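Descriptive structure summary
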Amino acid sequence: MENLKSSKLYAIISLYDMQTTYFRNVLDGISDDDTHNRLDTKANHIAWLSGSLVEQRYELARELGLDQKQTSSDLFKDNKGIQEDVKYPSLDVFRQDWDAISPILKEALLNLTDENLEKLIHMGPDMTFPLYDLITFISYREANVIGQIALWRRLLNYPAMKYM
């Protein structure tokens, strides 16, 4: 990664690249009908998980000063949880937004310096932490959500996610 400005982000960028691919792979072949299937549980369904993950990349992009917004932003902004009576967009919409933001956000991440990563982020009245911590948490959450969707694949009788 010759363009990387901070060595602190080397592993995170590697995970970012993997997760960019894994998100596409984990959604492969899932029908629109199954995206809202919660199997009579209160668990977040695939449509919400997908849109939430896409929104997270867009939120990080905005935190880094990029004026970007996903198509379904209103359904997910401000960390909005799942809404019971909402028909979420198709996975194609989420894929398109994911494909649009991923290279833009990656370029922004590659250009962050150690000084940028120390910038304090304020969330709520009692929560302050460095940008680096936010990026690290987001990387963790991406892996977690992709894992949840991978489990849904199996619960809904789809083949396991392909890693390549």
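The text that follows walks through the structure, step by step, so that each part is easy to find.

Our focus in this paragraph is the pattern of salt bridges. Evaluated as defined, the whole model comprises eight salt bridges. A salt bridge links Glu84 to Arg38; its shortest N-O distance comes to 3.0 Å. Taken together, the positions of Glu84 in the loop between α3 (73-76) and α4 (91-110) and Arg38 in the loop between α1 (10-27) and α2 (46-63) put the pair 46 residues apart, joining distant regions of the chain. When the shortest N-O distance is used, the salt bridge between Asp74 and Lys77 registers 3.4 Å.

Mapped onto the secondary structure, Arg153 falls in helix α6 (residues 131-155). Here Arg153 sits buried without a salt bridge, and the closest side chain of opposite charge, Asp28, lies 5.5 Å off (N-O distance). Polar contacts involving the side chain of Arg153 include one to the main-chain carbonyl oxygen of Pro159, which spans 2.9 Å. Ignoring anything within four residues of it in the chain, the contact list for Arg153 reads Asn25, Val26, Leu27, Asp28, Ile30, Tyr158, Pro159, Ala160 and Met161.

Right, let's talk about the environment of Asp99 for a bit. You can see Asp99 is positioned in helix α4. For the pair Asp99 and Thr21, spaced 78 residues apart in the sequence, the C-alpha separation amounts to 9.8 Å. Of note is the side chain of Asp99, whose polar atom sits 2.7 Å from the side chain of Arg24.

The next point concerns the side chain of Ser139. Among the secondary structure elements, Ser139 is positioned in helix α6. Ignoring anything within four residues of it in the chain, the contact list for Ser139 reads Ile12, Leu15 and Gln19.

Okay, the packing of α1 against α6 next. It is the contact of α1 with α6, at a shortest axis distance of 10 Å, that shows an interaxial angle of 25°. Classified by the angle their axes make, α1 and α6 are roughly parallel. Between α1 and α6 lies a crossing whose hand is left-handed. Between α1 and α6, the contacting residues are Ile12, Leu15, Gln19, Tyr22, Phe23, Asn25, Val26 and Leu27 on the first element and Tyr132, Ile135, Thr136, Ser139, Glu142, Ala143, Ile146, Ile149, Ala150 and Arg153 on the second. Of the residues in the contact of α1 with α6, the class split is 12 nonpolar, four polar and two charged.

With that out of the way, let us pick up α2. An ideal rise of 1.5 Å per residue puts 26 Å on 18 residues; α2 measures up with 26 Å between its terminal C-alpha atoms. For α2, the buried fraction is high: 15 of the 18 residues fall into the buried class. Positive backbone phi, approximately 95°, marks Gly65, located one or two places after α2.

Moving on, we get to the packing of aromatic side chains. On inspection of all chains with the given rule, the structure shows six aromatic pairs. Ring plane angle 40° and centroid distance 4.2 Å describe the contact between Phe23 and Trp98, whose orientation is recorded as tilted. Placement of Phe23 in helix α1 and of Trp98 in helix α4 is noted, with a sequence separation of 75 residues between them. Given the relative accessible area of 0%, Phe23 is considered buried. Judged by centre distance (6.5 Å) and plane angle (50°), the ring pair of Trp48 and Phe76 falls under tilted. Pair noted here: Trp48 is in helix α2 and Phe76 is in helix α3, with a separation of 28 residues, a long-range link. Take Trp48 and Phe76: they sit in the same class, and that class is buried. Lying over the aromatic face of Tyr16, Arg57 brings its terminal NZ or CZ to 3.7 Å of the ring centre.

Calculation criteria
- Residues numbered from 1 in each chain as written.
- Predicted model: local features only at pLDDT ≥ 70, side-chain atom pairs only at ≥ 80, totals over all residues.
- Heavy atoms only, no water.
- Salt bridge = Lys/Arg side-chain N within 4 Å of Asp/Glu carboxyl O.
- Helix = DSSP H or I, 4+ residues; strand = E, 2+ residues; numbered from the N terminus.
- Buried < 20%, exposed > 50% of the residue type's maximum accessible area, 1.4 Å probe, protein only.
- Lys, Arg positive; Asp, Glu negative; His and termini not counted.
- Polar contact = N/O pair within 3.5 Å; in protein donor to acceptor, adjacent residues only side chain to side chain.
- Contact = heavy atoms within 4.5 Å.
- Axes fitted to C-alpha atoms, helices over the stretch in contact; angles between N-to-C directions.
- Parallel < 35°, antiparallel > 145°, perpendicular 65-115°, else oblique.
- Left-handed = near helix turned anticlockwise from the far one by under 90°.
- Nonpolar A, V, L, I, M, F, W, Y, C, P; charged D, E, K, R; others polar.
- Expected span 1.5 Å × (residues − 1).
- Phe/Tyr/Trp six-rings, centres within 6.5 Å; stacked < 30°, edge-to-face > 60°.
- Lys NZ or Arg CZ within 6 Å of the ring centre and 35° of its normal.

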